[in-house]
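Now for the letters of each chain:
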Amino acid sequence: MRKVKSARKLGRTASHRKATLANLSTQLLLHKRIETTEAKAKETRKHVEKIITKAKKGTVHAQRIIFKTIRDKSAIRELFEDIIGRIGDRNGGYTRIIKLAPRYGDAAKMAVIELVDYAEMPAEQPKAATTDRSKRVKGSKKAVAEGTAAE
């Protein structure tokens, strides 16, 4: 009888899938926010949440177990020093997935996955003052007339 497995295959072999999830998890821990496809984001969420839960123990054994999947010392250091300090009191739900518009090239569903307590609001960009067309366009009649008047 066929048993349904809950994980997505992501169109990869088992070893490639394992490496992809490890790389996405490492980048998420280092950068706190990454943009990827929706399916990869959902699988990365499962992977990272288990890693963070193990890291909350704070033991050397937990570090060694996590280092089996995330082979980056700076990511491990960031996880145990900074991330656990900020989200250590949470019982779960360490990540958030925000859906985006489809990717232009292949219309793949895109999403942003981020660590919850690191979500920053994007800085408001000051609106650029609209310039007069005569200053923007070199050959305009006003620019030529003002240029001769200034001389």
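Up top is the structure these notes are about.
The following paragraphs examine the structure supplied in this document. (Residues numbered from 1 in each chain as written. Predicted model: local features only at pLDDT ≥ 70, side-chain atom pairs only at ≥ 80, totals over all residues. Heavy atoms only, no water.)

## Considerations on the packing of helix 3 (residues 60-69) against helix 4 (residues 73-87)
Helix 4 packs onto helix 3 with a crossing angle of 135° between their chain directions and a minimal axis gap of 11 Å. Taken together, helix 3 and helix 4 sit at an angle that is classed as oblique. By crossing handedness, the relation of helix 3 to helix 4 is classed as right-handed. On helix 4, the residues that touch Ala62, Gln63, Ile66 and Phe67 of helix 3 are Lys73, Ile76, Leu79 and Phe80. (Axes fitted to C-alpha atoms, helices over the stretch in contact; angles between N-to-C directions. Helix = DSSP H or I, 4+ residues; strand = E, 2+ residues; numbered from the N terminus. Parallel < 35°, antiparallel > 145°, perpendicular 65-115°, else oblique. Left-handed = near helix turned anticlockwise from the far one by under 90°. Contact = heavy atoms within 4.5 Å.)

## Focus: helix 4
Relative to the 21 Å expected for 15 residues at 1.5 Å per residue, helix 4 spans 20 Å between its end C-alpha atoms, a close match to the ideal helical length. A maximum bend of about 40° is found in helix 4 at leucine 79. Along helix 4, the residues classified as buried are Ala75, Ile76, Leu79, Phe80, Ile83, Ile84 and Ile87. Contact partners of the buried residues in helix 4: helix 1 (14-31), helix 2 (38-55), helix 3 and strand 3 (110-115). (Expected span 1.5 Å × (residues − 1). Bend = angle between axes of the 7 residues up to and from the residue. Buried < 20%, exposed > 50% of the residue type's maximum accessible area, 1.4 Å probe, protein only.)

## A look at the environment of arginine 103
Along the chain, arginine 103 falls in the loop between strand 2 (95-99) and strand 3. The exposure class assigned to arginine 103 is partly exposed, which follows from its relative accessible area of 37%. Distance in space between the C-alpha atoms of arginine 103 and threonine 37 is 8.7 Å, their sequence separation being 66 residues. Within polar-contact distance, the side chain of arginine 103 engages the side chain of aspartate 106 at 3.0 Å. (Polar contact = N/O pair within 3.5 Å; in protein donor to acceptor, adjacent residues only side chain to side chain.)

## Examining the pattern of salt bridges
If the charged atoms of two oppositely charged side chains come close together, the side chains can form a pair. Taken as a whole and judged by the stated rule, the model has nine salt bridges. For arginine 33, the salt bridge goes to glutamate 114, with nearest N and O atoms at 2.4 Å. One end of the pair, arginine 33, is in strand 1 (residues 33-37); the other, glutamate 114, is in strand 3, with 81 residues separating them in the sequence. Overall, the relative accessible area of 45% leaves arginine 33 in the partly exposed class. (Salt bridge = Lys/Arg side-chain N within 4 Å of Asp/Glu carboxyl O.)

## So, the packing of aromatic side chains
With the rule as written, the count across this model stands at zero aromatic pairs. Looking at lysine 32, its charged tip hangs above the ring of tyrosine 118, at a distance of 5.2 Å from the centre. Above the plane of the ring of tyrosine 118 lies arginine 86, whose end atom (NZ or CZ) is 4.2 Å from the centre. (Phe/Tyr/Trp six-rings, centres within 6.5 Å; stacked < 30°, edge-to-face > 60°. Lys NZ or Arg CZ within 6 Å of the ring centre and 35° of its normal.)

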